[in-house]
Amino acid sequence: GQSLEQPSEVTAVEGAIVQINCTYQTSGFYGLSWYQQHDGGAPTFLSYNALDGLEETGRFSSFLSRSDSYGYLLLQELQMKDSASYFCAVFSGNTGKLIFGQGTTLQVKP
Amino acid sequence: DTEVTQTPKHLVMGMTNKKSLKCEQHMGHRAMYWYKQKAKKPPELMFVYSYEKLSINESVPSRFSPECPNSSLLNLHLHALQPEDSALYLCASGEGVGEQFFGPGTRLTVL
């Protein structure tokens, strides 16, 4: 089967660094994506890792270890606007589908 | 144009109504998707069109009928829906593997 696990909630303060982990189990793994979704909004693509290692885009970085079936999203210099749900997602070449984790609600406090 | 548009933004319909949701993208993406999302849950795949042909139907009830008139447009026809079908319906486009661009969604309420 295919499954992803990520924490349901994370809380951090403004200016801090937070890491959201994601472990996955899937057949025909292509890569790991991260999406951000604010309340009432649509998911917005943040990053995609197909190869092992760290990808950095501004304050956000994403990491993948294919051998460990594990990845994480790192958010630095947290801002109040970063309060949102974050979904990890894997693309399975076997099924042609993007499968989402249950999502992590990040609350940034002043 | 790096945007996926969806209409309407909100829709309220009775169980006997017929309505359609519309989606448009002008990024030249080969794949378009319909997702359903309930509150506090991840998007749930419904249909995938690849090169204007239906490639994936996630065993969606026949009261939902997708249509892809051309490479830029995607419709979802709704008929005889149930109250439990109330949700946010999201359209997305992409090249399949990593990144999908989502539209703002249609918030559907079935009375």
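Here's a quick rundown of the structure. (Residues numbered from 1 in each chain as written. Chains lettered and ligands numbered in written order. Predicted model: local features only at pLDDT ≥ 70, side-chain atom pairs only at ≥ 80, totals over all residues. Heavy atoms only, no water.)

All names here are of chain A. Mapped onto the secondary structure, Ser 62 falls in strand β7 (residues 60-65). A residue is classified by how much of its surface remains accessible, and Ser 62, at 1% relative accessible area, is buried. Here the side chain of Ser 62 touches Ser 47 through a polar contact of 3.1 Å, side chain to side chain. With residues up to four places along the chain from it excluded, the contact list for Ser 62 reads Trp 34, Ser 47, Asn 49, Gly 53, Leu 54, Glu 55, Tyr 72 and Leu 73. (Helix = DSSP H or I, 4+ residues; strand = E, 2+ residues; numbered from the N terminus. Buried < 20%, exposed > 50% of the residue type's maximum accessible area, 1.4 Å probe, protein only. Polar contact = N/O pair within 3.5 Å; in protein donor to acceptor, adjacent residues only side chain to side chain. Contact = heavy atoms within 4.5 Å.)

Bringing the interface of chain A and chain B into the picture now. Across the contact, 20 residues belong to chain A and 20 residues belong to chain B. For the pair chain A and chain B, the two sides together bury roughly 1,500 Å², of which 60% comes from carbon and sulfur. Along the contact surface separating chain A from chain B lie one salt bridge. Glu 58 of chain B is the partner of Lys 97 of chain A in a salt bridge, and the nearest nitrogen-oxygen pair spans 2.6 Å. Here chain A and chain B share three residue pairs in polar contact (both at pLDDT 80 or more) between them. For the side of chain A that touches chain B, the secondary-structure elements that each account for two or more residues are β4 (29-37), β5 (44-49), β9 (84-92) and β10 (97-100) of chain A. The element contributing the most residues to the side of chain A that touches chain B is β4 of chain A, with four residues. Classifying every residue of the side of chain A that touches chain B gives ten nonpolar, eight polar and two charged. (Buried area = accessible area lost by both parts, 1.4 Å probe. Salt bridge = Lys/Arg side-chain N within 4 Å of Asp/Glu carboxyl O. Nonpolar A, V, L, I, M, F, W, Y, C, P; charged D, E, K, R; others polar.)

Moving on to the sheet that holds strand β8 (residues 73-79) of chain B. Residue and element names in this part refer to chain B. Spatially, the four strands line up as an open sheet ordered β1-β3-β8-β7, and their pairing is antiparallel. Two strands close off the open sheet at either side, each with one partner strand: β1 (4-7) and β7 (64-70). Each neighbouring strand pair of the sheet contributes to a mean axis angle of 20 degrees, computed without reference to strand direction. Two elements, β1 and strand β3 (residues 18-25), share four bridges in a ladder whose sense is antiparallel. Looking at β3, one finds that Val 4 is bridged to Gln 25. (Pairing = 2+ DSSP bridges. Axes fitted to C-alpha atoms, helices over the stretch in contact; angles between N-to-C directions.)

Honestly, that's just the spatial picture; any functional story needs more than this.
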